[in-house]
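Commentary on secondary and tertiary structure
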Amino acid sequence: MMPGVIDVHIHGCNGVDFMDASKEDIKDIASSLYQEGVTSFLATTLTSDTQSLEKVCKVIKEAKEEVPSLVGIHFEGPYINAKYKGAQNPDYVKKPDLSLLEKCKNVKMITIAPEVEGGIDFIKNCEAVVAIGHTDATYDVAMEAFRAGAKCLTHTFNVMPS
């Protein structure tokens with residue numbers, strides 16, 4: 001016996017990425033995760049174009065009505081530093097803008113590079129949990145981001161300077 005696991009960073013499962021998943025795919029993913037002890041999860045996106053992100057938000061909203069373990073969405077980007085993009089598509093990296101989150105109400109967590117133009121102000125005004133990641137932030141900028149409201153890191157010591 002162990003407590004259920006909460007996965008806040010999962011891009012998919014069973015050969016399906018949330019960026020392309022249907023409501024049925026998400027139900028299958030949730031079932032597989034439950035078999036592994038994951039009782040709650042955030043569907044994690046990729047840095048992508050606005051239309052694709054809005055589509056994912058719509059599918060997640062529909063699936064959430066039937067999948068109680070689906071807590072919401074983790075946007076991994078698009079407000080990252082292209083220098084530390086990792087597997088993210090640099091064509092879709094953009095400046096922080098709250099309007100996308102206003103359209104996508106199920107975003108519970110977002111990964112952002114606080115040093116990008118407008119990053120700290122975004123963090124101060126964001127209602128979702130903010131994670132620092134895909135970043136070139138200095139120690140001082142990271143501490144400023146935490147003071148502004150950032151709560152955690154994504155890919156600690158990976159796709160960021162040590």
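Look a little higher up for the structure.
Residues numbered from 1 in each chain as written. Predicted model: local features only at pLDDT ≥ 70, side-chain atom pairs only at ≥ 80, totals over all residues. Heavy atoms only, no water.

**Section: the overall build of the protein**
Inclusion rule: Under the scheme used here, helices are H or I runs from DSSP no shorter than 4 residues and strands are E runs no shorter than 2 residues, and both carry numbers assigned from the N terminus. The atom set for the radius of gyration is the C-alpha atoms, and the globule formula is 2.2 Å times the number of residues raised to the power 0.38. Each residue is assigned to one of three classes by its accessible area relative to the maximum for its type, calculated with a 1.4 Å probe on protein chains only: buried under 20%, partly exposed between the two thresholds, exposed over 50%. Contact criterion: two residues are considered in contact whenever any of their non-hydrogen atoms come within 4.5 Å of each other. Here the Shrake-Rupley method, with its probe set to 1.4 Å, supplies the accessible areas, and only the displayed protein chains count as covering residues. None of His or the chain ends enter the tally, which takes Lys and Arg as positive and Asp and Glu as negative. In this description, the location of a charge corresponds to atom NZ of lysine, CZ of arginine, CG of aspartate or CD of glutamate.
Helix and strand counts for the protein come out as five helices and eight strands. Counting helices and strands in the order they occur from the N terminus, the protein gives β-β-β-α-β-α-β-α-β-α-β-α-β. Taken over the C-alpha trace, the protein has a radius of gyration of 15 Å; the compact-globule value for 162 residues is 15 Å, and the two agree within 12%. Going through the 162 residues of the protein one by one, you find that 44% of them count as buried. Across the protein, every contact between residues at least 6 apart in sequence was considered, and the portion connecting residues at least 24 apart equals 62%. Total accessible area on the protein is roughly 8500 Å²; 51% of this is exposed by carbon and sulfur atoms. Charge-centre separation for the protein: the mean point of 16 positive side chains lies 4 Å from the mean point of 23 negative side chains.

**Here's the deal with helix H5 (residues 139-148)**
Note the following rule: To obtain the arc, one takes the directions from the helix axis to the C-beta atoms.
Within H5 the residues assigned to the buried category are Ala 142, Ala 145 and Ala 148. In an axial view of H5, the angular spread of the buried residues amounts to 120 degrees, which keeps them on one side of the axis. The outward face of H5, more than 90 degrees from its buried face, is lined by the exposed residues Tyr 139, Asp 140 and Arg 147. On its buried side, H5 packs onto helix H4 (119-125) and strand E7 (129-132). Just beyond H5, the residue with positive phi is Gly 149, at close to 130 degrees.

**Quick word on the packing of aromatic side chains**
For any pair of aromatic rings, the description consists of the separation of the ring centres together with the inter-plane angle of the planes. This is how the line gets drawn: Ring pairs shown here join Phe, Tyr and Trp side chains whose ring centres sit within 6.5 Å, with only the six-membered ring taken for Trp; geometry is labelled stacked below 30 degrees between planes, edge-to-face above 60, and tilted in between.
Considering all chains together, one arrives at two aromatic pairs under this definition. Between Phe 18 and Phe 41, the ring centres sit 6.0 Å apart and the planes meet at 20 degrees, which makes this aromatic pair stacked. Here Phe 18, found in the loop between strand E3 (16-17) and helix H1 (23-35), pairs with Phe 41, found in strand E4 (residues 38-44); they are 23 residues apart in sequence, far enough to count as distant.

**Topic: H1**
Put simply, the test is: Here the expected length of a helix is defined as 1.5 Å per residue gap, with one fewer gap than residues.
Taking 1.5 Å per residue as the helical rise, H1 with its 13 residues ought to reach 18 Å, and the 19 Å between its terminal C-alpha atoms agrees with that figure. All buried positions along H1 are accounted for by Ile 26, Ile 29, Ala 30 and Leu 33. For H1, the arc enclosing every buried residue in end-on projection is 100 degrees, short of the 170-degree limit, so these residues lie on one face. Check the buried side of H1 and you find it contacts strand E1 (5-10), strand E2 (12-13), E3, E4, helix H2 (50-64) and strand E5 (70-76).

**Quick notes on the environment of Ala 113**
Within the secondary structure, Ala 113 is located in the loop between strand E6 (107-112) and H4. Along the backbone, Ala 113 and Ile 123 are 10 residues apart, and their C-alpha atoms lie at a distance of 9.9 Å. Beyond its immediate stretch of four places on either side in the chain, Ala 113 contacts Tyr 79, Ile 80, Asn 81, Gly 133, His 134 and Thr 135.

**Topic: the sheet that holds E5**
The strands making up a sheet associate through backbone hydrogen bonding, with each pair oriented either parallel or antiparallel. The criterion, for reference: By this definition, two strands are paired if DSSP reports at least two bridges between them. The angle between two axes is taken between their N-to-C directions and runs from 0 to 180 degrees, where each axis is a line fitted to C-alpha atoms and a helix contributes only its stretch in contact.
If you walk across this open sheet you meet the six strands as E1-E4-E5-E6-E7-E8, and the pairing is parallel. The open sheet has two edge strands, E1 and strand E8 (152-153), and neither has a second partner. Here E7 pairs with E8 via two bridges, running parallel. Along E8, the bridge assignment pairs Ala 131 with Cys 152. Packed on one face of the sheet, H2 meets E4, E5 and E6 and runs near 165 degrees to E5.

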